[in-house]
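Residues per chain, in single letters:
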Amino acid sequence: MVDDHVITGYHMYGNETLDETVTSGLKELRGLTNLYKQRFKAFGDQDRRTGDKDLLGINNEKYNQRTITGAYYFLLKIEEVAIKK
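First things first, this report covers the structure right here in the doc.

Cut-off values and rules
Residues numbered from 1 in each chain as written. Predicted model: local features only at pLDDT ≥ 70, side-chain atom pairs only at ≥ 80, totals over all residues. Heavy atoms only, no water. Helix = DSSP H or I, 4+ residues; strand = E, 2+ residues; numbered from the N terminus. Buried < 20%, exposed > 50% of the residue type's maximum accessible area, 1.4 Å probe, protein only. Contact = heavy atoms within 4.5 Å. Patch = residues over 30% accessible without salt bridge, like charges linked within 9 Å, V, L, I, M, F, W, Y side chains within 5 Å. Areas by Shrake-Rupley, 256 points an atom, 1.4 Å probe, with all protein chains shown as cover. Salt bridge = Lys/Arg side-chain N within 4 Å of Asp/Glu carboxyl O. Expected span 1.5 Å × (residues − 1).

## A few points about the overall build of the chain
Looking only at helices and strands, the chain features 2 helices and 2 strands. Overall, the chain shows an N-to-C arrangement of helices and strands of α-β-α-β. The buried share among the 85 residues of the chain stands at 15%. For the chain, restricting intrachain contacts to residue pairs at least 6 apart in sequence, the fraction spanning at least 24 positions comes to 52%.

## Looking at a nonpolar patch on the surface
Together, Tyr36, Phe40, Tyr73 and Leu75 make up a nonpolar patch on the protein surface, roughly 460 Å² of accessible area in all. Looking at where Leu75 falls in the secondary structure, it is placed in strand E2 (residues 69–75).

## Some remarks on the pattern of salt bridges
Counted under the stated rule, the structure contains 1 salt bridge. Here Asp19 makes a salt bridge to Arg39, at a shortest N to O gap of 3.5 Å. Residue Asp19 is found in helix H1 (residues 18–30), and its partner Arg39 is found in strand E1 (residues 36–43); the two are separated by 20 residues along the sequence. Taking the relative accessible area as the measure of exposure, Arg39 reaches 37% and is therefore partly exposed.

## A closer look at H1
The first and last C-alpha atoms of H1 sit 17 Å apart over 13 residues, in line with the 18 Å expected at 1.5 Å per residue. Within H1 the residues assigned to the buried category are Leu18, Thr21, Val22, Ser24, Gly25 and Leu26. At its buried positions, H1 is contacted by E1 and E2. Directly beyond the C-terminal end of H1, a positive phi value near 75° is found at Gly31.

Structure, rendered in structure tokens:
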């Protein structure tokens, strides 16, 4: 797998906003809830994922090539989060 600082692989349902998808994804994938988050960029051009690294993820995970990425920052209380290496 690609070594990045990202949380990948969550699907957006038709009735959700991007923020709602991120919130539910963090809860289901990482168990994180009640976090302050701020989106600072969204990427979604149809042909933006064409690099070798992108195609590796698409092919390994059977993603649709049309992918929307939301870039967020979060404020976490360090005493409430265990970081695993």
